Every structure is written in structure tokens, then in C-alpha cells.
Amino acid sequence: MHDGSGRIAVQNLTKRFGAVTAVQNLSFTVEPGSVTGFLGPNGAGKTTTLRMLLGLVTPTAGTATINGRRHHELGNPARVVGSVLDNGSFHPKRTARNHLRVYAAAIGVPDQRVDELLGLVGLAPAADRKTGGFSLGMRQRLALATALLGDPQVLVLDEPANGLDPEGIAWLRNFLRSFAAQGRTVLVSSHLLSEVEQTIDQVVIVSAGMTRYYGSLENLRKSQQSRVLVQPADASALVTALREAGIDKVEPTSDGRVAVIDSTVQQIGDIAAKAGIAVYGMEEQKADLEQLFFQLTTPQYSGAPLPGQFMPQGAWGGAPQPYQQPQQPYQPQPYQQPGQQYPQQQYQQNYQQPGQGPQPNQGWGGQQ
Ligand SMILES: Nc1ncnc2c1ncn2[C@@H]1O[C@H](COP(=O)(O)OP(=O)(O)O)[C@@H](O)[C@H]1O
Ligand SMILES: [Mg+2]
């Protein structure tokens, strides 16, 4: 039997397509009750990794498991994992409702579930329209509804925000948070950090098939060094005073200021006062997360300063804490938002605790 944990485990996963190594020795785990972002630029190997997890591509080496099992070993996969990898593959002449009915029948789910899901993803008004005329956003919603038919414990989504309008992205964010708050597992890929930043707890950043960072977004944020720009009366005197005080990440800027890394405004102010140097102003700056993501995933920039940026050796430009394991087990924060569209209560009623394995067909839509 599978372990019912809802845990995704990727271990030393590698995939080569001829001369192309799409994925190289990738390892990470995704815990139930959390949303993990799988981030990297186009071509980084995200889709290939997800396809291996879902049993659609055979790994060259390593394993990808859900509940401790490979996909083909899951007894009733639709009940364990729902996925959206490709949102264009609907029969164009079939209506949304009929599409879902076909899939529902295939996995033994009653038809009421279809209408429930059409409502959930906001497609009820388009239920009887043929999918051939659907926008990309509508396809995304229909693909998500299909993935949810089996009331799965784990959700795997490849670039789900593509084609969604801002309202759709906000809805998806709330949906994924509340899904995870039920103790379920979410792995969601994106090539844009900003798109998923507010949704995810943990992040796996890949570039050229390799892990560049693995850990909490919070730790990634913390790893960003701040710098203080000081406007002193005498820049060279301040540089000397700071270095004498043991602060060596100091550099004069072209506009007569002094940039100091890894020191607080208070420390700098005290040293300046002690040395009798007048200070006319100090400005604290933080590298933005998007910039850090860009540095981590763009080979020509990793470890090197971006043009116009102050980045002393080893500061700012380096890849912070690569391959870092999460420091602590993830603590799920229950998602609460007034008026949210996700029928949380119903999910709570239907959802069985991890450890019990796939559930018989029960409770579908019976509560309304
Ligand atoms: N079936 C395939 N045959 C050959 N090369 C492939 C195949 N699938 C993916 N690749 C290559 O593997 C690399 C990673 O692709 P992919 O996993 O789609 O990245 P991502 O989803 O991060 O954009 C790319 O260089 C891509 O061209
Ligand atoms: Mg992809």
C-alpha cells in the first residue's frame, strides 16, 4: 500500500533526451498542507520533472513518488493526484459539462460532482458551450475542474496562471491556499516568481535542470543582504573609520556616498559619530526578490553583479543557501477569507485524513 501521506518526493531525478539533459540530479520534497512553487525560466526542466512525477516520462535516473509510490503503482491515481499539465487538449466539439461527465464516468464519480466543479471554477454559465470556443483562461479553469474530479489529495499544476486574468489569478491563489489548508499537497510551477509569490510557502528554484535554491521563501528573503547608502561630509574618512571598526563591506559610490553591506544604520551612525564625521543622510536598501530570482536562474548573471549595481565579492550576487533544506517542518496557516468561493466546509466533510488511502466514492455533492 502507498503511505497515504500526500507527500511528493523527488530524489536524484535525471532525464536526458539524447544530448539534452533536461533534468539533472534534482531532489526535493513537498509536504502536505503546503503550497510549493516550482520556479525556473522556460527550458529549466519544470514540465519534464512534473511529467516524470505523473508517470508520463520515464526518468533516466532517480525517482519521483507520491505517497511513497511511483505514479503507475498508485491504485487509483485520480483519487490521489490531480494534475494540469496541458490545457489545450479538450475535444473541441464537446461542451464543458460533457467533457467533465466523460472523465467523471471514467473514474467512477457521479454526475452531480460535474456541476459542483463547474460552479467552483466559475464555468457554470459556459457549461453547455463547446470547448473549441473557450479562451485560454476558460481552458485553464476546465482543466483544473478535471483535475479535481477525483477529489485528489495532491494537486500538480504546470504554469496554471498562464492565460488567467488578474481576477482569475487571485481566485486561483485563494483556491490553492484553501486546498492546502485542508491538509492537501500543492505543487505549482511558474516561470514568474511574482505570479506565485503570495501563494507559496516553499520554493524549489531550478535552472538548466539543476536546483538553485530549495527552501522557504522566508529564508530566501532573509538571505538577501541589505545595504545602507550613507551621505557623509567626508567619504574617504568614513570608509577608513568603518574599516578600522571591522566593517569591510564598504565602498564609495560615484555620487560621493558610501555603500555599506551587512551593517545597520545604528552601527554606521555610531562609528561616524565616534570618528567625528558628519552624516547628512542614510538610506536603507533591499534587493528585491524578483531580482534575486533572476540572478539565481540566469547563468550569465549568477555570481556576477548586474550592471549599475553595487555588488562586492560574495555579497548580493552569490547564490544564497543553495540546496537548503527547510529548517522546520511546515506549519500550515489555515486560510480564511470572507466571501471566498471555495466550498471549504464541503471539502472538509469529504476529505479524509492522510493515512487512510484513497476513499470510496462518497459524499460527492450530497450536502447542497
Ligand atoms: N520530449 C523531448 N525531447 C527532447 N527534448 C526535450 C523534450 N522535452 C523537453 N525537452 C528539453 O528539455 C529541456 C527542459 O524542458 P521543459 O521541461 O519543458 O522546461 P520548462 O518546463 O522548465 O520550460 C528543454 O531544453 C527542452 O527543449
Ligand atoms: Mg514547461
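Here, the structure is the one placed above.
Described below are features of the structure shown in this document. Residue numbers here run from 1 along each chain, matching the order of that chain's written sequence. Here the convention is simple: chains get letters from A, ligands get numbers from 1, in the order in which they are written. Since the coordinates come from a predicted model, pLDDT governs what is reported: local features require at least 70, and pairs of side-chain atoms require 80 or more to be given and counted, while whole-chain, interface and lining totals use all residues. With hydrogens and water set aside, each side-chain value is computed from the structure's full complement of heavy atoms.

## A look at the overall build of the chain
Counting from the N terminus, the helices are DSSP H or I runs at least four residues long and the strands are E runs at least two residues long. On a plain count of helices and strands, the chain comes out with 12 helices and 13 strands. The contact criterion used throughout is that any non-hydrogen atoms of two residues lie within 4.5 Å. In the chain, of all internal contacts separated by at least 6 residues, the share reaching a separation of at least 24 is 71%.

## Quick notes on the sheet that holds strand β13 (residues 279–286)
Here, a strand pair is defined by DSSP locating no fewer than two bridges between the strands. Sheet architecture is open: four strands sit in the order β11-β12-β10-β13, paired in antiparallel fashion. For this open sheet the edge positions go to β11 (250–252) and β13, each flanked by a neighbour on one side alone. Each strand axis lies, on average, 20 degrees off the axis of its neighbour in the sheet, ignoring direction. Note that β11 and strand β12 (residues 258–261) share three bridges and pair antiparallel. Paired with E251 across the two strands is A259, which belongs to β12. The convention used is that axes are lines fitted to C-alpha atoms, helices contributing only their stretch in contact, and that angles between N-to-C directions extend from 0 to 180 degrees. Sheet strands in contact with helix α9 (residues 235–244) are β10 (226–232), β11 and β12, and its direction is about 20 degrees off that of β12.

## A look at the pattern of salt bridges
A side chain with one charge can pair with a side chain of the opposite charge if their charged atoms come near. By definition, a salt bridge exists where a carboxyl oxygen of Asp or Glu is found within 4 Å of a side-chain nitrogen of Lys or Arg. By the definition in use, this model includes 11 salt bridges. One salt bridge in this structure joins E31 and R7, with 3.0 Å as the shortest N-O distance. Placement of the pair is E31 in the loop between β2 (20–30) and β3 (35–39) and R7 in the segment before β1 (8–17), with a sequence separation of 24 residues. Note on exposure labels: buried denotes an accessible area under 20% of the residue type's maximum, exposed denotes more than 50%, and partly exposed covers the range between, all computed with a 1.4 Å probe on protein chains only. Note on E31: relative accessible area 26%, which makes it partly exposed. Among the ionic pairs, D262 bridges to K249, the shortest N-O distance being 2.8 Å. Remark: K249 occurs in the loop between α9 and β11 and D262 occurs in the loop between β12 and α10 (265–274); sequence separation between them is 13 residues. Using a relative accessible area of 42% as the deciding quantity, one classes D262 as partly exposed. Where salt bridges share partners, they join R97, D115 and D128 into one cluster.

## Here's the deal with the sheet that holds β2
The three strands are arranged β2-β1-β4 in an open sheet whose pairing can be described as antiparallel. Edge positions in the sheet fall to β2 and β4 (61–66), since each has one partner strand and no second. Taken pair by pair, the neighbouring strands of this sheet meet at an average axis angle of 20 degrees, ignoring direction. In terms of strand pairing, β1 meets β4 through five bridges, oriented antiparallel. Bridging from a neighbouring strand, A9 pairs with T65 of β4. Where helix α1 (residues 46–53) meets the sheet, it contacts β1, β2 and β4, and its direction lies at approximately 120 degrees from that of β1.

Nothing here speaks to function; it is geometry throughout.
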